[in-house]
Amino acid sequence: KDAIVDAADLTGAILNNVVLDGASLRGAQLGCCDNSGNLLTSCVPARTLGMSMGGADLSSPISGAKTDICQTGLKGANLAEANLSGVLAVATDLREANLAGALLIGTNLGEAYLEAVVMTGADLDGATFEGGDARSAIFGNANFQNVNMRDAYLVGADFSSAWIECSNVNLGTNMTDANFTGA
């Protein structure tokens, strides 16, 4: 708890059931992306089953390598109130994860697995879900300004009372049965 793990290379590490609540992981490399968000083929992401990073700061530093959690398995993880601004999370498994109140400003969640993720009250300004699967996700009271949702699968997602403005969708975006009450 409250550990400082900034800029650490944790690719290939076994971090199952590790608790890093309140820790600083700015610029840490847990995943397998280059600094542009392209997936690397000769890389093994950290194993993160049961990991908890509630209130942790994973935001990408202003200079240097971006924090990378690409292709990690964070299914069911606690990331409530965490700062993931500018993080590379391409093809990351965040199914059923708790990101309530999290900061995801400018975060790349392209092709991420977000089924039943909880992002109630999260700030997603400038984030991308392009090609992501967020079926049955809960985005109530979230900030969806300037979010790229092109080709995203958002069937049954709950956007109730979310602030949605200047966001991008296309014909490939599927929002069947999504709830926009009060949005």
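Above this text is the structure in question.
Computed from a predicted structure; not experimentally measured.

Thoughts on the nonpolar core
Alright, step 1. In terms of nonpolar packing, the biggest core is built from 49 residues, with Leu25, Leu99, Met119, Leu124, Phe129 and Phe139 touching the most fellow members.
Alright, step 2. The residues touching Phe139, leaving out its near neighbours within four places in the chain, are Met119, Phe129, Ala134, Phe144, Leu154, Ala157, Asp158, Phe159, Ser160 and Ala162.
Alright, step 3. In terms of nonpolar packing, the next biggest core, distinct from the first, is built from five residues, Cys33, Cys70, Leu88 and Ala91 among them.

Some words on the environment of Met53
Alright, step 1. The residue Met53 is located in the segment before β1 (143–145) in this model.
Alright, step 2. Judged by its relative accessible area of 1%, Met53 is buried.
Alright, step 3. Through-space distance from the C-alpha of Met53 to that of Val90 is 18 Å; in sequence the pair is 37 residues apart.
Alright, step 4. In contact with Met53, not counting residues within four places along its chain, are Leu20, Asp21, Leu25, Leu58, Leu74, Asn78, Leu79 and Ala82.

Let's talk about the state of the cysteines
Alright, step 1. For the structure shown, the criterion picks out two disulfides.
Alright, step 2. Disulfide partner of Cys33: Cys70, at an S-S distance of 2.1 Å. Negative torsions about the S-S bond denote left-handed disulfides, and the value of about -100 degrees found for Cys33 with Cys70 makes this one left-handed. Of this pair, Cys33 sits in the segment before β1 while Cys70 sits in the segment before β1, and the two are 37 residues apart along the sequence. Comparing Cys33 with Cys70 shows no difference in burial state: the two are buried.
Alright, step 3. Each bonded cysteine of the chain gets a number by its place in the sequence, and the pairs then read 1-3, 2-4.

Reading the values: rules and limits
Residues numbered from 1 in each chain as written. Predicted model: local features only at pLDDT ≥ 70, side-chain atom pairs only at ≥ 80, totals over all residues. Heavy atoms only, no water. Core = buried A, V, L, I, M, F, W, Y, C linked by side-chain atoms within 4.5 Å. Buried < 20%, exposed > 50% of the residue type's maximum accessible area, 1.4 Å probe, protein only. Contact = heavy atoms within 4.5 Å. Helix = DSSP H or I, 4+ residues; strand = E, 2+ residues; numbered from the N terminus. Disulfide = S-S within 2.5 Å.

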